[in-house]
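# Observations on the model geometry
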Amino acid sequence: MPELPEVQSVVATLRPALLHRRLERVLHLRPDVLDPPGFDLAAALAGRRVDRLERRAKRIVFQLDTAERFFIHLGMTGRLLVADADDPLPPHAHLLVSIEGGRQLRFIDPRRFGGIFWMGRAARHLGLGPEPLSLRPDRLAAALAGTARAVKTALLDQSLIAGIGNIYADESLHRAMIHPTRRACDLTRDEVRRLNRAIKLTLRRAIAAGGSSIRDYVNGVGERGSFQQSHRVYDRTGQPCPCCRTPIDRIVLGGRSTHFCPRCQPR
Ligand SMILES: [Zn+2]
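Structure report, in brief. All figures in this text were calculated on a predicted structure; none of them were measured in a lab.

## Details of the packing of aromatic side chains
Evaluation of the coordinates by the stated rule reveals 5 aromatic pairs. Taken together, a centroid distance of 6.0 Å and an interplanar angle of 15° make the contact between F70 and W118 stacked. Of this pair, F70 sits in strand β5 (residues 69-73) while W118 sits in strand β9 (residues 115-120); the two residues are 48 residues apart in sequence, bridging distant segments of the chain. Accessibility classification places F70 together with W118 in one group, the buried group.

Here you go:
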């Protein structure tokens, strides 16, 4: 699933093609990917200019020249791309919008866990916690102190911290040398500080590498990321830890596959 670094890369690669350009026409829309259902997206987008394009957590937020906003969530397998209008159309294209100048915005999502969410002008509260890249240690400490869940599970809770998913939770905990099943509220101040640094460093490096392409992730112009080559633990079960050569272990925690080094991350 695309997480913060992947969504950041999508936004960065879409901006040159979309910012300050007009959306001309909605050419195709599969209605069941739209929230609220039945909303007339075609009428709302036609002729509007994209004034801002930003990432919030794992969401791609468009702001139009009417000050209305909508966001696209990529879910598990969603891709948001700009292509030439005559490029062959891939299957599972749920939204096609022609852009001033002849290009086309395409939302493709085989498994349809993603979607398009119209917000309008309302400052709709998204129920999201703070962004990890600007998170201060005391804020992280406060978020973790309030829950007895496993620290890995707490990191995935978007209402506590927004944008981290399975890959970057595992990678950050390894860098911070913290076992994923430790109770969040039991972490010491020093561990929280280490974790805060590890999250930022991991996300920044992943952004610099264009994100992780585990399955079908590509950015807004169809390029794969390369951070999967730098993963320390994620999806590396049985392979040697980059720090101590101990084989990486895998458990299932809160229903999610969890990877860690039993030596560097003692219980
Ligand atoms: Zn190790």
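## Considerations on the pattern of salt bridges
Tallied over the full model, the rule gives 16 salt bridges. R22 is the partner of D65 in a salt bridge, and the nearest nitrogen-oxygen pair spans 3.3 Å. Remark: R22 occurs in the loop between α1 (4-18) and β1 (23-29) and D65 occurs in the loop between β4 (59-64) and β5; sequence separation between them is 43 residues. A relative accessible area of 25% places D65 in the partly exposed class.

## Things to note about the sheet that holds β1
The 4 strands are arranged β1-β7-β8-β6 in an open sheet whose pairing can be described as antiparallel. The sheet is open, and its two edges are formed by β1 and β6 (79-84), each paired on a single side. Averaged over all neighbouring strand pairs, the angle between strand axes comes to 20°, with direction disregarded. Taken together, the 5 bridges between β1 and strand β7 (residues 93-99) define a ladder with antiparallel strand orientation. Across the sheet, residue R25 finds its bridge partner in β7, namely S98.

## Description of the layout of surface pockets
By volume, the largest pocket amounts to about 420 Å³. Forming the boundary of the largest pocket are 23 residues, of which M1, P2, M76, R215 and R256 lie nearest the centre. Here the lining of the largest pocket is built from residues that sort into 9 nonpolar, 6 polar and 8 charged. Roughly 160 Å³ of volume is contained in the second largest pocket. E54, R56, V61, Q63 and R69 are the residues nearest the centre of the second largest pocket, which is lined by 11 residues in total. For the lining of the second largest pocket, the secondary-structure elements that each account for two or more residues are β3 (50-56) and β4.

## Topic: the packing of helix α5 (residues 166-176) against helix α6 (residues 189-208)
One way to put it is that α5 packs onto α6 with a least axis distance of 8 Å and a crossing angle of 125°. Classified by the interaxial angle, the pair formed by α5 and α6 is oblique. Here α5 and α6 pass one another in a crossing that is right-handed. Only R194, L195, A198, I199, L201, T202, L203, R205 and A206 of α6 make contact with α5, whose side of the interface consists of Y168, E171, S172, L173, R175 and A176.

## Notes on the nonpolar core
Judged by nonpolar contacts, the single largest core of 31 residues is most densely connected at F62 and L80. Beyond its immediate chain neighbours, meaning those up to four positions away, F62 contacts L18, V50, R52, L53, E68, R69, F70, I72, L80 and L105. If you look at the next biggest cluster of nonpolar residues, it comprises 28 residues, including L4, L144, I161 and Y234.

Quick notes on the rules
- Residues numbered from 1 in each chain as written.
- Predicted model: local features only at pLDDT ≥ 70, side-chain atom pairs only at ≥ 80, totals over all residues.
- Heavy atoms only, no water.
- Phe/Tyr/Trp six-rings, centres within 6.5 Å; stacked < 30°, edge-to-face > 60°.
- Helix = DSSP H or I, 4+ residues; strand = E, 2+ residues; numbered from the N terminus.
- Buried < 20%, exposed > 50% of the residue type's maximum accessible area, 1.4 Å probe, protein only.
- Salt bridge = Lys/Arg side-chain N within 4 Å of Asp/Glu carboxyl O.
- Pairing = 2+ DSSP bridges.
- Axes fitted to C-alpha atoms, helices over the stretch in contact; angles between N-to-C directions.
- 1 Å grid on protein atoms, 1.4 Å probe; cavity = no way out; pocket = protein on both sides within 12 Å on 5 of 7 lines; lining within 4 Å.
- Points joined across faces, edges and corners; volume = space filled by probe spheres on them.
- Nonpolar A, V, L, I, M, F, W, Y, C, P; charged D, E, K, R; others polar.
- Parallel < 35°, antiparallel > 145°, perpendicular 65-115°, else oblique.
- Left-handed = near helix turned anticlockwise from the far one by under 90°.
- Contact = heavy atoms within 4.5 Å.
- Core = buried A, V, L, I, M, F, W, Y, C linked by side-chain atoms within 4.5 Å.

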